[in-house]
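# Observations on the three-dimensional arrangement
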Amino acid sequence: MDTNNNKDTIKKIILILIIIISIVAIIKIQRDGSIWVENKSNEQEILSPVDIELNNAVDKNTTQELNTSIDNIKIEDTTDVDLKIVDEELNKL
Amino acid sequence: MPKKKEKNFKKEIEATREEVKLKIEDMKASFKENISKIKDENKKISSEKIITIIQALNTKFTGQLSVKIDQIENVLVGIESRISKADTNGIDTSLAKAEVLKAKEAITIARDAINTQTSKIYTIGAVDESTLRSEMKKLRDSFGADIKTLNTKIKAAHTAVKNTATTLAKVPKVDDDSTNKVEDNTINNNQ
């Protein structure tokens, strides 16, 4: 009888421990989640002015940036290279 | 305003491309008649290939150059915006404005040239065995020259915008956005 009682007690203790661990785990997940959400919203608050500043920087278009932009537009003449396919066919005539 | 122009140009180019598609079909039919005297089937196939390739290259080049001219014009829009800000700060930008006008003209010429080139159909008249190669060669050279001329016009627009940007960069304090801010702060501090 005593052995059975002991077993029941152990089972109850294990069950209680599992419940406690589960509750702690749920609370931890919720807390971490909320921290993450908080961080995210804070981050957004911090990032938003940065984005605005970046947009302003782009909108500012300093003469140096404008010169770089125009220099970056490359107009290459590839006519002769592309016409090689035509030349190959011409040779067959 | 330039964006509106850009849109109109794109519409115009699209319309031209649609017209050309129909014309190409007609041209291919008449081309077959023009080479009907050629007995060698391989030569006929090669000739048709050349016509098709040239027309495809024309579409490719004009498309690429349209994109380039859009990019060039976008830089000019940025330049005009910078000029406008400098004007607000009381800076003399008259030299740069004169360059803007030249750049706009060069861009218009380039766009018109792209449109004209897009509408071109490359074909030959009736030929026989003895004239086929020389006529096809003439066609190839003519197309090559047209594209090179077009490239020159796009480069001219590019140079004109580059000159505008360089002229603007030489204007003293043109990038100085702080002038107004300092004044604003002074006003705020005095209040």
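If you're wondering where the values come from, they're calculated on a predicted model, not measured in any experiment. Per chain, the residues get numbers from 1 upward, laid out in the order the sequence is written. The order in which chains are written sets their letters, starting at A; the order in which ligands are written sets their numbers, starting at 1. Side-chain atom pairs in this predicted model are given and counted only at pLDDT of 80 or more, local residue features only at pLDDT of at least 70, and totals for whole chains, interfaces and linings cover all residues. Excluded from the side-chain calculations are hydrogens and water; all other atoms, namely the structure's heavy atoms, are used.

## Overview of the overall build of chain A
Secondary structure is summarised from DSSP: a helix means a run of H or I of at least four residues, a strand means a run of E of at least two, and numbering begins at the N terminus for each. Per the secondary structure count, chain A includes four helices and zero strands. Each helix and strand of chain A, ordered N terminal to C terminal, gives the series α-α-α-α. The method behind every accessible area is Shrake-Rupley, applied with a 1.4 Å probe, and residues are considered shielded solely by the protein chains displayed. As displayed, chain A has an accessible area near 7500 Å², and 60% of this comes from carbon and sulfur atoms.

## Quick notes on the packing of aromatic side chains
Residues and elements named next belong to chain B. In this scheme Phe, Tyr and Trp rings, the latter by its six-membered ring, pair at centre separations within 6.5 Å, and the angle between planes marks the pair as stacked below 30 degrees, edge-to-face above 60, and tilted otherwise. As enumerated under the stated definition, the model contains two aromatic pairs over all chains in all. Note on Tyr-122 and Phe-143: the rings are 5.1 Å apart at their centroids and 80° apart in plane angle, and the pair reads as edge-to-face. With Tyr-122 in the loop between α3 (94-118) and α4 (132-169) and Phe-143 in helix α4, this pair connects stretches of sequence that are 21 residues apart. Exposure classes here rest on a 1.4 Å probe applied to the protein chains alone. A residue is buried below 20% of its type maximum, exposed above 50%, and partly exposed in between. According to the relative accessible area criterion, Tyr-122 is buried, its value standing at 4%. Here Phe-143 falls in the buried class, since its relative accessible area comes to 0%. Cluster of aromatic residues (ring-pair linked, three or more members): Phe-61, Tyr-122 and Phe-143.

## Some details on the interface of chain B and chain A
At the junction of the two partners, chain B supplies 42 residues and chain A supplies 29 residues. Each of two parts loses accessible area, computed with a 1.4 Å probe, when they are put together; buried area is these two losses added. In total, chain B and chain A occlude about 3100 Å² of area from one another, counting both sides; carbon and sulfur atoms represent 62% of this. By convention in these notes, a salt bridge is any Lys or Arg side-chain nitrogen within 4 Å of a carboxyl oxygen on Asp or Glu. Our count for the chain B to chain A interface comes out at six salt bridges. Here Asp-82 of chain A and Lys-60 of chain B are joined by a salt bridge, their closest N and O atoms 3.0 Å apart. Two N or O atoms count as a polar contact when they lie within 3.5 Å, although within protein this holds only if one can serve as hydrogen donor and the other as acceptor, and sequence-adjacent residues are included solely when both atoms are side-chain atoms. Linking chain B to chain A there are twelve residue pairs in polar contact (both at pLDDT 80 or more). Its residues assigned to classes, the side of chain B that touches chain A comprises 19 nonpolar, eight polar and 15 charged. In what follows, a contact means two residues having at least one pair of non-hydrogen atoms within 4.5 Å. Residues are sorted three ways: Asp, Glu, Lys and Arg are charged, Ala, Val, Leu, Ile, Met, Phe, Trp, Tyr, Cys and Pro are nonpolar, and all the rest, Gly among them, are polar.

## Description of the pattern of salt bridges
In this structure the tally under the stated criterion is 22 salt bridges over all chains. Among the salt bridges present, the one from Arg-140 of chain B reaches Asp-87 of chain A, with a minimum N-O distance of 2.5 Å. Of this pair, Arg-140 of chain B sits in helix α4 while Asp-87 of chain A is found in helix α4 (residues 84-90), placing the two residues in two different chains. With a relative accessible area of 12%, Arg-140 of chain B lands in the buried category. Residue class for Asp-87 of chain A comes out partly exposed when judged on its relative accessible area of 23%. With a closest N to O distance of 2.9 Å, Asp-87 of chain B and Lys-97 of chain B form a salt bridge. In this pair, Asp-87 of chain B is assigned in helix α2 (residues 41-88) and Lys-97 of chain B in helix α3, connecting sequence segments ten residues apart.

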